Amino acid sequence: MEPYDVIVIGGGQSALATGYYLRRTTLRYVILDREEAPGGAWQHAWDSLTLFSPALWCSLPGVIMPGGKEHYPGKQEAVDYLTAYEERYQLPVIRPVEVKRVNKENGLFVVHTNRDTYYAKAVVSATGSYHSPVIPDIPNKGSFKGRILHSAEYRAPFRGKRVAVVGEGNSGAQILAELSKVTDTLWITRNSPEFLPDHIDGKYLFDAATQLYEAKQRGEELQPPSLGHIVMVPAVKEARDRKVYQAWLPPFDTFTPDGIAWNDGRKEQVDVVIFCTGFKPSLSHLAPIFNGHKITTKGTRALEADGLWLVGYGSWTGFASATIIGVGRTAKRTVEEIIGYL
Ligand code: FAD
């Protein structure tokens, strides 16, 4: 197969934003996505997931997401938006193609997939984190007779069950909001939950973080606001009014056959435990290049692998790059760097 100039691995917002800038060049490129359909991770999210920014601030370069300044889009709107985006720009996505491993031979990247082997002068990894959920290792998981799942697998409430929700981020708060309408719930958090004031949403956080980031570029040491605190989207406000978030318990120490227990003797019977405990970047396909070493980057460029960029994995690959509104900026700079490299 003739080598491509660039292969983009992934097919979510990060890959599409990179594709948007690549299509404005003369470079020969392709996007490889393991999903059956467009939409990246959003297509797997639970039905009631609500984005934390109004639609106008959930846009990739080139097309504004419909919905305006007041509407918080749901996950299906994100899927529809990305599907239309891909079509509008005729981005060359091949799916389903899962990249198993990438290595370098004679100066070319060899991209091994579950279908064909591809070759490229440069590679952009934009695989997100959905396929790498993090669940803490808690003793006696095997003895628990109920169901343990990660927020990545959550779809709809467990009507009539007693459910423990673990995690004080946006996923935990939104899932708790939905479950608490039809089930008996317990909230387990490592830290006290931090709720943002009602008027602060993802747009505000992005603008504030941009200003602080720019100050940092000028040499001032400031900490950007956290995107991890709970944003008061309408469903969370409604749950707060029902007093859903008034009590929480510290992390439990062990599973028991019918629930969870703490070292101080406390026990709770539960049928389901949902871990809303985050994700780590899905990077196993790059293992042959890095051999177990930590991947270091300057912006999105991998420092120890010439010709490799990583887009969309969060602050270590570009400020706010794990958000729809933030990834465009790092995708643009990535393509500029690729042009310089090639
Ligand atoms: P993904 O959407 O995960 O896309 C990566 C793609 O790569 C997927 O299609 C995947 O299947 C594919 N892939 C993975 N591995 C391989 C491989 N080896 N070979 C081929 N393909 C592969 N962001 C916002 O901007 N606003 C929000 O309100 C917001 N809310 C969020 C709420 C929750 C609960 C979560 C979890 C995230 C939220 N985010 C939000 C964050 C962010 O937008 C998403 O995580 C986003 O999906 C990241 O996009 P991505 O393209 O980098 O990764």
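**Quick look at the domain arrangement of the protein chain**
Buried accessible area, meaning the area lost when the parts come together, often serves as the stated size of an interface.
Thought 1: As assigned here, the protein chain comprises domain 1 (4-132 + 279-341) and domain 2 (133-192 + 246-276).
Thought 2: Taking only C-alpha atoms into account, the centre of domain 1 sits 32 Å from that of domain 2.
Thought 3: At the junction of the two partners, domain 1 supplies 13 residues and domain 2 supplies 11 residues.
Thought 4: With both sides pooled, the region where domain 1 packs onto domain 2 buries about 970 Å², and carbon together with sulfur makes up 54% of that total.
Thought 5: Our count for the contact surface shared by domain 1 and domain 2 stands at 0 salt bridges.
Thought 6: Summed over the shared surface of domain 1 and domain 2, the result is 4 residue pairs in polar contact (both at pLDDT 80 or more).
Thought 7: Counted by class, the side of domain 1 that touches domain 2 contains 5 nonpolar, 6 polar and 2 charged residues.

**Description of the packing of aromatic side chains**
Thought 1: Here the structure, examined in full by the defined rule, presents 19 aromatic pairs.
Thought 2: Relative to Tyr 154, the ring of Trp 46 has its centre 6.1 Å away and its plane inclined at 65°; by these criteria the two rings are edge-to-face. One end of the pair, Trp 46, is in the loop between strand 2 (29-32) and helix 2 (75-88); the other, Tyr 154, is in the loop between strand 7 (147-150) and strand 8 (162-166), and 108 residues separate them in sequence. Each member of the pair, Trp 46 as well as Tyr 154, is classed as buried.
Thought 3: Here Phe 252 and Trp 262 contribute two aromatic rings whose centre-to-centre distance is 6.2 Å and whose plane-to-plane angle is 75°, an arrangement assigned as edge-to-face. Residue Phe 252 is located in the loop between helix 5 (234-241) and strand 10 (254-256), and its partner Trp 262 is located in the loop between strand 11 (259-261) and strand 12 (267-269); the two are separated by 10 residues in the primary sequence.

**Side note on the site of the ligand**
Thought 1: In the vicinity of the ligand lie 30 residues, with Ser 14, Asp 33, Glu 35, Phe 52 and Ile 324 positioned nearest.
Thought 2: At 3.2 Å, a side-chain N or O of His 131 approaches an oxygen atom of the ligand.
Thought 3: One nitrogen or oxygen atom from the main chain of Ile 324 is found 2.8 Å from an oxygen atom belonging to the ligand.
Thought 4: Within the complex, 89% of the 980 Å² of free accessible area of the ligand lies under protein.

**Some thoughts on the side chain of Ser 132**
Thought 1: Summarising the element assignment, Ser 132 is placed in the loop between strand 6 (117-125) and strand 7.
Thought 2: Every residue in contact with Ser 132, bar those within four places of it in the chain, is listed here: Phe 279, Lys 280, Pro 281 and Ser 282.

**As for the pairing of strand 9 (residues 184-188)**
Successive side chains on a regular strand alternate, one facing one side of the sheet and the next facing the other.
Thought 1: Across 5 bridges, the pairing between strand 8 and strand 9 is parallel. When the bridges of strand 9 are listed, Val 165 appears paired with Trp 187.
Thought 2: Read from strand 8 through helix 3 (residues 170-179) to strand 9, the crossover connection turns out right-handed.

**A look at helix 2**
Thought 1: Taking 1.5 Å of rise per residue, 14 residues should cover 20 Å, and helix 2 covers 20 Å from first to last C-alpha, within 8% of that figure.
Thought 2: Here helix 2 has its buried residues at Lys 75, Ala 78, Val 79, Tyr 81, Leu 82, Tyr 85 and Glu 86. Summarising the axial view, the buried residues of helix 2 lie within an arc of 165°, below the 170-degree limit, and thus occupy one face. For helix 2, the exposed residues set more than 90 degrees away from the buried face come down to Glu 87 and Arg 88.
Thought 3: On its buried face, helix 2 is in contact with helix 1 (13-22) and strand 3 (93-94).
Thought 4: Count one or two residues on from helix 2 and you reach Gln 90, which has phi positive near 50°.

**Quick look at helix 7 (residues 324-341)**
Thought 1: With 18 residues, helix 7 should reach 26 Å at 1.5 Å per residue; the first-to-last C-alpha distance of 26 Å fits that figure.
Thought 2: Those residues of helix 7 not exposed but buried are Ile 324, Gly 326, Val 327, Gly 328, Thr 330, Ala 331, Thr 334, Val 335 and Ile 338.

About the criteria used
Residues numbered from 1 in each chain as written. Predicted model: local features only at pLDDT ≥ 70, side-chain atom pairs only at ≥ 80, totals over all residues. Heavy atoms only, no water. Domains from an automatic or database assignment. Contact = heavy atoms within 4.5 Å. Buried area = accessible area lost by both parts, 1.4 Å probe. Salt bridge = Lys/Arg side-chain N within 4 Å of Asp/Glu carboxyl O. Polar contact = N/O pair within 3.5 Å; in protein donor to acceptor, adjacent residues only side chain to side chain. Nonpolar A, V, L, I, M, F, W, Y, C, P; charged D, E, K, R; others polar. Phe/Tyr/Trp six-rings, centres within 6.5 Å; stacked < 30°, edge-to-face > 60°. Helix = DSSP H or I, 4+ residues; strand = E, 2+ residues; numbered from the N terminus. Buried < 20%, exposed > 50% of the residue type's maximum accessible area, 1.4 Å probe, protein only. Near = heavy atom within 4 Å. Areas by Shrake-Rupley, 256 points an atom, 1.4 Å probe, with all protein chains shown as cover. Pairing = 2+ DSSP bridges. Right-handed = clockwise from strand over helix to strand, strands pointing away. Expected span 1.5 Å × (residues − 1). Arc of directions from axis to C-beta.

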